[in-house]
Structures are given as C-alpha cells and as structure tokens.
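Structural description and commentary
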Amino acid sequence: MLKIAVIVALFGFLIALYAARRYKMWIFSALLAVLLGMMYGPPRYVLFSDTTRPVQYQGANDWVTYGWQINPLFPNEKYATAIKFRHNSKSYSQLNPNEVRQAAMPFGVPRGPLSTYLWWLLVPFWLAFNLSLMGLRRLYRSLRGYRQAYSTACMQDTINAYQHFIQQHNRGLLRPWRLLKAAQTRQHAVYQKYADRLTFLQHLNSRRAEHSDPNERREIHRYGALLNSIWEMVAWNQSQQQLGLPLQLQIISEIRCTIGNGVIDYPSISDYLKASLSRQERSWLEQYAATSGIGSLDSLVKRHDISTQQYAKALMAKDWSELTTCVADFRARLKADPSLQSCENIDNALDIAGHYLRLAVLSALPVDTREQYYRRQHKRIIARLFSEALSRFLPDEFSHINGNPNFFISPAGATISKLGSLKVQLVFAGSMYNDGTPRFTNQFELQLDSGAEWTMSGQLLSEQTKSSSDQAPLRDTTMSVTSALKPPIRRVNARVTGALKQGPEALKVILQEIDEAAKAFVKDELKEELFGDAINAAEAFVSEQLEFFSESILNASASALDGLFGLLDEENT
C-alpha cells in the first residue's frame, strides 16, 4: 500500500506541474523512473528456503517459511518487517519479537545492490542525465549565440555593436576568450577609424580658414575647437570602455537677455519685462516728460483708457494682430493728444510709447506659468538632444540595433565617467507665443579637463512657428542645438543628401570613402585627384546630418513628436 500511495502522490504532483512547459522533460523522466522502479526494483517479499519448517496450525499440519517484507523506498533492515509465509493459506503475517529472535534471519535483497537501490537511484540518475543533457544543449546554444552575436557585431562594425557583444560576453557563464579578444581588437580598429576621421575633418576645417575673412576665420577656429573636443571625448570613452556623453550637464538658472546695447542675466522673463518697462519709462521721462510736463507713460496709458489686461486676453484668444491693433490705436491717440504737439521728434516719442505699451501687454500674459513649463521641458530634453545631435558626427552608429545614433547616449542605469562639463544657459530670443510662452535659444559652454574649451550660441528660425506652444521647448531646443553644432560654412553635397534619404546603408558607402581618404591623410598619402569626391562629401556630411536630424523633428506632427523621444508632457497649462 505504501508503494501505491507514493506512486499516486507522485503522479498527482507531476500532473499539477504539467501545465508548465519548462517541466515537461523533468516530468517525463520522473514517470519513466517510477515505472522502471516498479518493474525492476527490489521485490516486496524475500523468503529464505532454509528457514522452512513444519508447524501445527489450527489442528492441521502446515509449513511456514520466514522472510522479510521490503520497503521499496528504503530497502534496508531498519525499515523492513520480519514475516512468515504459510504454505497452505498462501498468507503472510508479521513475526512477533520472540519469533524474530528464534528465526535469526539474515537480511538481504536478491539481484544485487543495483536492484536493491534501483528505486533510489533511478530518479536522481534520470535527473542527472537530463541536467547533463540540458547543460550540453545550453552550452551549444550559448556558443552558437556568441558566434552569431559576434558575426552580427562584425557585420555592423560599430562601437555599439562590439560593446554590446563584450557586455553580453562578460555577463555569461561561458566566456569564449578568443571571440572576446577578436571583438576588442575590431572595436579598437573602429575607434581608430573615428579618430582618423575627426582628424581629417579638423584638417579640412583648418584649410578653409586660409581663404576666409577674419570673422569667418574666428568661427572656423571655434568649430575646430569643437572637433578637437569630440576627438578627446571619443578617446576618453575608449579608455573608459563606456558609451555616453562624458560631460557633466549644468543648466544655469538665469536667463540671458539683450536690453539696449548690453546683455544682462535675469532670474525670469518677468524680471526682464519689468526692467525693459522701467528703461522705456526712464527714457521717456528724460526726453519728454521733464521738459513738457506730459507725465509718465503709465499715466498716458491710463488717461487714454487702455486696459493692458483686456488686450492680453484678446491676444491670447486670437493672434498677434490684436497687439498690432492695440499699439496702432495708442499711437494714433497720442498723435492727436494736444499735450504732445510741442514735443520735438514726435515720431521718436510715439515709438517709445508704442514699445512701452507692447511690453505692458506682454507683461499681462501668463508669462511666469508658461516659462516654468518651458524650463521643465527644456531640462528634460536638452541632454538627450545634445547627445543625439553630437552623435551625428559618427553616423555609423545609427544602424545599431534600434536605429538610434547612440554613441553619446549612455545605456539606462549606466555610470559614466566624466571628462568635463557642459554649461547650458537659456537666451531669450526676443519673441513669444500669443499665450505668453517665451522662445529661447541656448548658449553652450563646453570645458574639458584637458583645458579644451568651446562656446557657441544656437539660433532659431527667423519666422514665428505656427505649431503649438506646447511643442516650443522641443522645437526651439532642436534648432538651437543643431545650429550651434553645424560647421560655420555649410557645404551642400547631392550624394550625401540622397544617401540620408535612402537610409544608413547608402550613407555607409560614402562614409567608407571618407574613411579611406582620412586614412590616406593620416599616412600623408592624400591626393586631391584620387579622393576629390570623398573630400567634398566629408566637408558636407556633418552639416547635412544635422540638417536632416533637425528637419525630422521640426516637420514631425504633434503626435509623432510625443512618441519620438517621449519628451513632451501631456499637461496643458
């Protein structure tokens, strides 16, 4: 009964686990072991023929033989039961202690040790067999996976691809060191290729300075400092075996604004507007109020019943034509005001008053709320956008895994060793949306520990964008970042432009030509007649890359922008 109970319990347990596919092999092995144990395991009863003797049982002659009832789970004397077999009734009964002492039977199980312990040995044997089989299969799959991963990395031939393979290798239990050494060697060759390319770009940039005017030459030297900084960052990432932007980002809290002929930093746009109103008021008082007793601009606005709050609400509800109408109406009233007829240069007076009213209406907009929204979005996107744009100098990485140009984008949770800092400051562009959202460009100041420095301010499109003001942070920052990183003299190359539209594989052909020219330059074997097309492509591919990257964001729909980087909040302030 014990064997039956154990078998039933085991079968029930195995059936309960059968739903999990990963246990099917184990269940099959255990079932097979149980069946074999039942068929070929130790017998249930062991009788000794030399213990057979005649007895009287219930007045009749009978024969009994002594033996043992074996516990199949534990086939040893401790768990066995001494019994006697009655020949006439073919029945078994347990011996009492006196009978056990008289019988003095030895304990033994026929068929040898293997059969004796078959019940115990079959299950661990089959489990060990399956574990070994699974281990061999995993070993084979692991080796095949490493070879496939290495082949994929070689096919892509990028820093990211080799780094992904190296990280996969270091996480595995089995680590084929030959493949690791080969991947590290090839990765080093790619780093050298990038270093040669950046050196070649520096040479082409310096060559332009020889035929430029002083202003262009200054911008060309500044761009050369950027190329040198990128070269150092690539070398630093190689030495640290890391991916990502090795810069500590610092966002300066003050906003840089142009007021008059100077540049001043203000805590907010509201403070800038207040300072501009005070400046206009002061200019008015110095030029007109003190001589004619007209009064302040604020009093003039009130005297002509102009409500800046109402005009601000109308401006938010419609468009900029409301502000233009407001200023034009105010100028007309002032021109007809008898108190202003004695003013010298009345047109200048009207300009000062009109500009004052414009600033007053803008100050009535919810500028603080919209500025806070802009700052939050800018803080979230600036590092990502700068890294994305900077990665366009090494567009080879674009085809890696998910298509992101992620040479200067660190993996999630990675710790990046820093080489320097990148200071970013918002610069008021002098315009805003009709809901009070200001527009900003950015000033970048890159400083490396080696002493290399690069400072540049980005630019915005001259026309006011018609897109939603909620998208202003992403659009403005994109324009600012890409314009700051572009070469000072843009070259247009039809081959590069066409390759960008076709995809990474088409661009790869052009990059191979550029790298061959760069390798020849490093070896002092560059010849214009042999590498003319590569030189023309090299002079254009960075600017074309950044232009393509910028347009992909600026021309995207609002829904596409929300999914592009996941950067825009859904809040509507």
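Since we're looking at a predicted model, the values are computed, not measured. (Residues numbered from 1 in each chain as written. Predicted model: local features only at pLDDT ≥ 70, side-chain atom pairs only at ≥ 80, totals over all residues. Heavy atoms only, no water.)

**Focus: a nonpolar patch on the surface**
Taken together, the side chains of F125, F129 and L133 make up a nonpolar region of the molecular surface, amounting to roughly 290 Å² of accessible area. Mapping F125 onto the fold places it in helix α5 (residues 118-156). (Patch = residues over 30% accessible without salt bridge, like charges linked within 9 Å, V, L, I, M, F, W, Y side chains within 5 Å. Areas by Shrake-Rupley, 256 points an atom, 1.4 Å probe, with all protein chains shown as cover. Salt bridge = Lys/Arg side-chain N within 4 Å of Asp/Glu carboxyl O. Helix = DSSP H or I, 4+ residues; strand = E, 2+ residues; numbered from the N terminus.)

**A closer look at the pattern of salt bridges**
If you walk through the whole model with that rule in mind, you get 18 salt bridges. Ionic pairing is found between R197 and D396, a salt bridge with its closest N-O pair at 2.7 Å. Here R197 is found in helix α7 (residues 177-209), whereas its partner D396 is found in the loop between α14 (367-390) and β8 (420-432), with 199 residues between them in sequence. Just as R197 is buried, D396 falls in that class too. The partner of R256 in a salt bridge is D265, and the shortest N-O contact between them spans 2.9 Å. With a relative accessible area of 24%, R256 lands in the partly exposed category. (Buried < 20%, exposed > 50% of the residue type's maximum accessible area, 1.4 Å probe, protein only.)

**Some remarks on unusual backbone geometry**
Residues other than glycine seldom take positive phi values, yet D157 does so here, at roughly 55 degrees. Among the secondary structure elements, D157 is positioned in the loop between α5 and α6 (159-171). The phi dihedral of Q241 is positive, around 50 degrees, even though this residue is not glycine. The topology assignment puts Q241 in the loop between α8 (214-240) and β6 (247-259). By relative accessible area, which is 39% here, Q241 ends up partly exposed.

**Regarding the side chain of N493**
Looking at the element boundaries, N493 is found in the loop between α15 (472-485) and α16 (494-502). On the basis of relative accessibility, which here comes to 11%, the residue N493 falls in the buried class. At 3.0 Å, the side chain of N493 and the backbone nitrogen of R495 are in polar contact. There is a polar contact of 3.2 Å between the side chain of N493 and the backbone nitrogen of V496. Sequence-distant contacts of N493, defined by excluding residues within four places in its chain, comprise N536, A537 and A540. (Polar contact = N/O pair within 3.5 Å; in protein donor to acceptor, adjacent residues only side chain to side chain. Contact = heavy atoms within 4.5 Å.)

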